[in-house]
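Listed below are the residues making up each chain.
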2 protein chains.
Amino acid sequence: MTSEILEKKTGNIRAKSQVKILTAARTEFVLQGYRGATVQSIADRAELPKANILYYFKNKENIYHAVLEHTLEMWDEGIGDIEADQGPKVAIEKFIEAKVRMSFNHPESSKIYAMEIIQGAQHLKDYARTYQRQWVREKAKLFQQWIDNGEMANVDPVHLIFLIWSATQHYADFETQILTIMNRADFEEEDVEQVIAFLCDIILRGCGLT
Amino acid sequence: MTSEILEKKTGNIRAKSQVKILTAARTEFVLQGYRGATVQSIADRAELPKANILYYFKNKENIYHAVLEHTLEMWDEGIGDIEADQGPKVAIEKFIEAKVRMSFNHPESSKIYAMEIIQGAQHLKDYARTYQRQWVREKAKLFQQWIDNGEMANVDPVHLIFLIWSATQHYADFETQILTIMNRADFEEEDVEQVIAFLCDIILRGCGLT
DNA sequence: ATTATTATTAACCATTTAGTCAGTTAATCG
DNA sequence: CGATTAACTGACTAAATGGTTAATAATAAT
């Protein structure tokens, strides 16, 4: 055995346990909220003794932070970058598609993030907030240029981003309500495509991009 | 003093205390979640001893139910009814306006409702869910008729309702994030009007109603 | 005024919960 | 192998929490 493989193995136990814990924690935090999720309930779901959880994470807050951090990273990766050269139509399409797919593929992450914001973003670090402000400003500037060039209708770019954000996120956060209303037990593959098509259709037309 | 006034007075203490408690509870439930909001914290916020809270509400769950019930009633009143005879343009405008105003005027109610749904609607009675399904179906049927009559673009009516729902609710639920991004401390009157105008503009155009 | 009802609250209790610790077992390494 | 480090865990504790109770004060009814 090379030392590389050995190294991998040592890290593996730790890594595997942490993934197990974080997965369980994510579910518990969604179902019960931060305070409602107990270290014991996370342990039960992860099928590990409580003390083991606290061996890998100093305390409950650390678990939550790790979950939150992971969510932010995923969002960052998942969101396709809106580029200036692609034009408004492709940009909006890509943005909608990326966000819808994330909503359907990782509803729990979206939910945790939503709850965090709803409760006042008490655990969200300042850099995360600042980062988002920068992101929105930057993208809004792009939209504004397209508007100024007459490439799309004159709609407020910041609110447009809010609109796309909310409409896409909704399918994750309000999963329960949507399934109830649609009288379904679960979403299916085609639902994702249908939502993407619907949102692209109506929002692009709303932006005068047809 | 007539007996009516006396009756009023007896009920007054109860009513006043209950309002005080429910107002405090609403805030606590938003800030800390169901489990995180303690009877003590609600008492502190209401400036009443804890035992007094439990004199008016048997237990914490009852407080929460009362808060939730109040929210549903308000939603029911606040939402202007979409009528068949007004046509799609007015219907959508009215719907958007009603929901945006509710979001800005009662963000806490919206937030509590959102959290409840995100967590799986564990406390929401079946009748509330069924009621909403009925409501959406009914309104979707109206939209479908308008589409069939060629009065608006062929967009999925159910998803259209989801879109309006999410876009409007967003300003309540994600208040924190939106204020951060807009670099503001609070919303102002003109923000409400601007949001209504923006959403009507883009969604109506999206529905081919310009 | 006297009685009855409603409102109020301090003190208390059983349970839950986050976190600690000391001791054990398993993996890794020279 | 022997030693070192990492992984694991049962048992415990202090604090917090939901809820009860019993006793007192205020209000209303007769």
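Residues numbered from 1 in each chain as written. Chains lettered and ligands numbered in written order. Predicted model: local features only at pLDDT ≥ 70, side-chain atom pairs only at ≥ 80, totals over all residues. Heavy atoms only, no water.

The name an unreviewed UniProt entry assigns to chain A is Transcriptional regulator, TetR family, from the organism Colwellia psychrerythraea.

A. Main features of the protein's contact with DNA strand C. Every one of the 20 residues lining DNA strand C counts as a neighbour, but A:Lys50, A:Lys60, B:Arg14, B:Arg35 and B:Tyr55 are closest to it. Atoms of DNA strand C within 4 Å of the protein belong to the sugar or the phosphate in 63% of instances, the rest to bases. Between a phosphate oxygen of DNA strand C and a main-chain N or O atom of A:Lys60, the distance comes to 2.8 Å. Between DNA strand C and B:Asn52, the relevant distance is 3.4 Å, taken from a phosphate oxygen to a side-chain nitrogen or oxygen of the residue. Of all the secondary-structure elements, those providing two or more residues to the surface near DNA strand C are helix 1 (3-36) and helix 3 (50-56) of chain A together with helix 1 (3-36) and helix 3 (50-56) of chain B. The biggest single contributor to the surface near DNA strand C is helix 1 of chain B, with 5 residues. Tallied by class, the residues present in the surface near DNA strand C amount to 9 nonpolar, 6 polar and 5 charged. (Near = heavy atom within 4 Å. Polar contact = N/O pair within 3.5 Å; in protein donor to acceptor, adjacent residues only side chain to side chain. Helix = DSSP H or I, 4+ residues; strand = E, 2+ residues; numbered from the N terminus. Nonpolar A, V, L, I, M, F, W, Y, C, P; charged D, E, K, R; others polar.)

B. Highlighting the UniProt feature "domain: HTH tetR-type" (unreviewed entry) in chain A. This chain's UniProt record puts "domain: HTH tetR-type" (unreviewed entry) on residues 15-75 of chain A. When the span residues 15-75 of chain A is considered, its composition is 87% helix and 0% strand, and the gap between its end C-alpha atoms is 21 Å. (UniProt positions renumbered as here; feature names shortened; annotations may be inferred.)

C. Quick peek at the environment of A:Leu124. All names here are of chain A. For leucine 124, the location among the structural elements is in the loop between helix 6 (107-118) and helix 7 (126-148). For the pair leucine 124 and glutamate 77, spaced 47 residues apart in sequence, the C-alpha to C-alpha distance is 18 Å. Excluding residues within four positions of it along the chain, leucine 124 makes contact with Leu68, Leu72, Tyr113, Glu116, Ile117 and Arg129. (Contact = heavy atoms within 4.5 Å.)

D. Structural detail: the protein's contact with DNA strand D. The local shell around DNA strand D holds 20 residues, among which A:Arg14, A:Arg35, A:Tyr56, B:Lys50 and B:Lys60 are the closest. Backbone atoms, meaning sugar and phosphate, make up 62% of the atoms of DNA strand D lying within 4 Å of the protein. Only helix 1 and helix 3 of chain A together with helix 1 and helix 3 of chain B provide two or more residues apiece to the surface near DNA strand D. A per-element tally of the surface near DNA strand D places helix 1 of chain A first, with 5 residues. Of the residues in the surface near DNA strand D, the class split is 9 nonpolar, 6 polar and 5 charged.

E. Spatial organisation of the pattern of salt bridges. As enumerated under the stated definition, the model contains 18 salt bridges over all chains in all. For the salt bridge of A:Asp126 with A:Arg129, the shortest nitrogen-to-oxygen distance reads 3.9 Å. One end of the pair is A:Asp126 and the other is A:Arg129, both in helix 7 and 3 residues apart, which spans about a single turn. We classify A:Arg129 as partly exposed; its relative accessible area is 25%. Across the pair B:Glu97 and B:Arg101 runs a salt bridge whose closest N-O atoms are separated by 3.1 Å. With B:Glu97 and B:Arg101 both in helix 5 (residues 87-105) and 4 residues apart, the pair spans about one turn of that helix. Residue classification places B:Arg101 among the partly exposed residues on the basis of a relative accessible area of 28%. (Salt bridge = Lys/Arg side-chain N within 4 Å of Asp/Glu carboxyl O. Buried < 20%, exposed > 50% of the residue type's maximum accessible area, 1.4 Å probe, protein only.)

F. Region of the structure containing the packing of helix 8 (residues 157-173) of chain A against helix 10 (residues 189-206) of chain A. Residue and element names in this part refer to chain A. Packing of helix 8 against helix 10 leaves a shortest axis separation of 11 Å and a crossing angle of 160°. What the angle tells us is that helix 8 and helix 10 run roughly antiparallel. Here helix 8 runs over helix 10; the crossing is right-handed. Residues Leu160, Leu163, Ile164, Ala167, Thr168 and Tyr171 of helix 8 touch helix 10, and the partners they reach there are Val195, Leu199 and Ile203. Counted by class, the contact of helix 8 with helix 10 contains 8 nonpolar, 1 polar and no charged residues. (Axes fitted to C-alpha atoms, helices over the stretch in contact; angles between N-to-C directions. Parallel < 35°, antiparallel > 145°, perpendicular 65-115°, else oblique. Left-handed = near helix turned anticlockwise from the far one by under 90°.)

G. Structural detail: the nonpolar core. A:Leu160 and B:Leu160 are the most contacted members of the largest nonpolar core, which has 142 residues in total. Ignoring sequence-local partners within four residues, the contact set of A:Leu160 consists of A:Ile92, A:Phe143, A:Met152, A:Val155, A:Ile203, A:Cys207, B:Phe198 and B:Ile202. (Core = buried A, V, L, I, M, F, W, Y, C linked by side-chain atoms within 4.5 Å.)

H. A look at helix 2 (residues 39-46) of chain A. By the burial criterion, the buried members of helix 2 of chain A are A:Val39, A:Ser41, A:Ile42, A:Ala43 and A:Ala46. Positive backbone phi, approximately 55°, marks A:Glu47, located one or two places after helix 2 of chain A.

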